[in-house]
Amino acid sequence: MTLLEIENRQSKIVNRPRRLRATPAIRAMVRETELNARDFIYPLFVRHGQGRSEIRSMPGVYQLSVEESVREAEAAIRSGVNAVVLFGIPKAKDPIGLENFSEDGIVQQAIRAIKKEFPEMVVVTDVCLCEYTDHGHCGILNTGEHFHRGLPEGYVLNDETLDVLAKVAISHAECGADIIAPSGMMDGMVSTIRAGLDFAGYENLPILSYAVKYASSFYGPFRDAAEGAPKFGDRKSHQMDPANVCEALREAAIDVDEGADMLMVKPALAYLDVIRVVKDAFPELPMAAYNVSGEYSMIKAAAQNGWVDEEKVTLETLTAIKRAGADLIITYHAVDAARWLSA
Ligand code: PBG
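Keep in mind that this is a model prediction, so the values were computed, not measured.

(A) Up close: a nonpolar patch on the surface. Where nonpolar side chains cluster on the molecular surface, the patch consists of Met 1, Leu 3 and Ile 6 and spans about 380 Å² of accessible area. In this structure, Met 1 sits in the segment before α1 (3-9). Met 1 gets classed as exposed once you look at its relative accessible area, which sits at 69%.

Have a look at this one:
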């Protein structure tokens, strides 16, 4: 063939991205995002008493006794997931949430039990007041002896709450927690907890800050699970407005400044753009995203109806969260996803 003949035979289409999609092996070579069980953090709900009870709005997720939480931690490790985050349901609730920093608190018991059985497991603890207070709010309320004129009755008081958060964090540290994760969106929570931990001798304990947490309706099922729904009002005076993204950069910058070791964006799925901008602004910090209860339950419900394939939709969702910039993903699907990935 002459050069001219070759040129004439050439297709008009030069760029054919399909060439790199032709076989599974080539597709695997050029895959940009890979899920890994080591990136997952598995949430556990721990309560007093025996056995386990399934959460109505979260099929496959349970409130666990201390013993059952150890069993679930074992299932996680077997699947390749090496981190859990603990939420506690106390025996009794009161305006401050005293069990939250009690030596015999439910989370304190669970940390000790899990660390005893599995010292290598990374135990993250959620630090907030809402599961422990009788009013279900994330802080001490503006009422009674704490009343501040100039703030509305029932407003969540910021600085009074910080002292409690520091106490809770120290109490978790004393039981052997590996990472402290404050989720209450109080101003100054990272620096207060950092100071408290340092003072108590835990200067090496990392803080994973729920830096960018929205006032989201996707937390509905969690509030069943943790029995922490507010008895009145909402969380809009401290959690972020879902409409805002520039503000996410401010929240993240403040927490970095205060000494956060890792950042979190929450929820994940409806906030992939936020994950991306925060990761781009602070690439030097590992970033977590919380694939929250409502996101989990939507997939579960659709899968139970036969409308979507649970495995495929879940892995696609988790891949998207990672692709958006999350290094770590907190997900109720952690153990299932890890099993699917290794199957
Ligand atoms: C607060 C906390 C909440 C969640 C995690 N930590 C609830 C809230 O802010 O109202 C929600 C997680 C989920 O929906 O899966 N302790």
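(B) Up close: the side chain of Glu 131. Tracing the backbone through its elements, the reader meets Glu 131 in the loop between β5 (122-127) and β6 (140-141). One buried charged residue, Glu 131, forms no salt bridge at all, with the nearest opposite charge on Arg 235 at 6.9 Å. Excluding its chain neighbours within four sequence positions, the residues that come into contact with Glu 131 are Phe 87, Gly 88, Pro 90, Lys 93, Asp 126, Phe 222, Ala 226 and Gly 228.

(C) Structural detail: the site of the ligand. The local shell around the ligand holds 18 residues, among which Lys 213, Arg 223, Lys 266, Ser 293 and Tyr 332 are the closest. Lys 266 is positioned such that a nitrogen or oxygen atom in its side chain is 3.3 Å from a nitrogen atom of the ligand. For the ligand, whose accessible area on its own is 410 Å², the fraction buried by protein is 100%. In this structure, the ligand is accommodated by the largest cavity.

(D) Representation of the packing of aromatic side chains. Tallied over the full model, the rule gives 8 aromatic pairs. These aromatic residues form a ring-pair network of at least three members: Phe 45, Phe 87, Tyr 210, Phe 222, Tyr 290, Tyr 296 and Tyr 332. The residue whose ring lies beneath Lys 266 is Phe 222, and the NZ or CZ to ring-centre distance is 5.9 Å.

(E) Just the side chain of His 238, in detail. Relative to the assigned elements, His 238 resides in the loop between α7 (220-225) and α8 (246-257). Setting aside anything within four residues of it in sequence, one finds His 238 in contact with Cys 138, Val 156, Gly 184, Met 185 and Met 186.

(F) Region of interest: the environment of Arg 276. Within the secondary structure, Arg 276 is located in helix α9 (residues 272-281). Arg 276 gets classed as partly exposed once you look at its relative accessible area, which sits at 34%. Taking C-alpha positions, Arg 276 is 20 Å from Ile 41, a pair spaced 235 residues apart along the chain. Not counting the four nearest positions on each side in its chain, Arg 276 is found in contact with Arg 323, Ala 324 and Gly 325. Among the polar contacts listed, one links the side chain of Arg 276 to the backbone oxygen of Arg 323, at a separation of 2.8 Å.

Scoring rules and cut-offs
- Residues numbered from 1 in each chain as written.
- Predicted model: local features only at pLDDT ≥ 70, side-chain atom pairs only at ≥ 80, totals over all residues.
- Heavy atoms only, no water.
- Patch = residues over 30% accessible without salt bridge, like charges linked within 9 Å, V, L, I, M, F, W, Y side chains within 5 Å.
- Areas by Shrake-Rupley, 256 points an atom, 1.4 Å probe, with all protein chains shown as cover.
- Salt bridge = Lys/Arg side-chain N within 4 Å of Asp/Glu carboxyl O.
- Helix = DSSP H or I, 4+ residues; strand = E, 2+ residues; numbered from the N terminus.
- Buried < 20%, exposed > 50% of the residue type's maximum accessible area, 1.4 Å probe, protein only.
- Lys, Arg positive; Asp, Glu negative; His and termini not counted.
- Contact = heavy atoms within 4.5 Å.
- Near = heavy atom within 4 Å.
- Polar contact = N/O pair within 3.5 Å; in protein donor to acceptor, adjacent residues only side chain to side chain.
- 1 Å grid on protein atoms, 1.4 Å probe; cavity = no way out; pocket = protein on both sides within 12 Å on 5 of 7 lines; lining within 4 Å.
- Sits in = over half its atoms within 2 Å of the grid points.
- Phe/Tyr/Trp six-rings, centres within 6.5 Å; stacked < 30°, edge-to-face > 60°.
- Lys NZ or Arg CZ within 6 Å of the ring centre and 35° of its normal.

Fair warning: the whole summary comes from geometry, so function is off the table for now.
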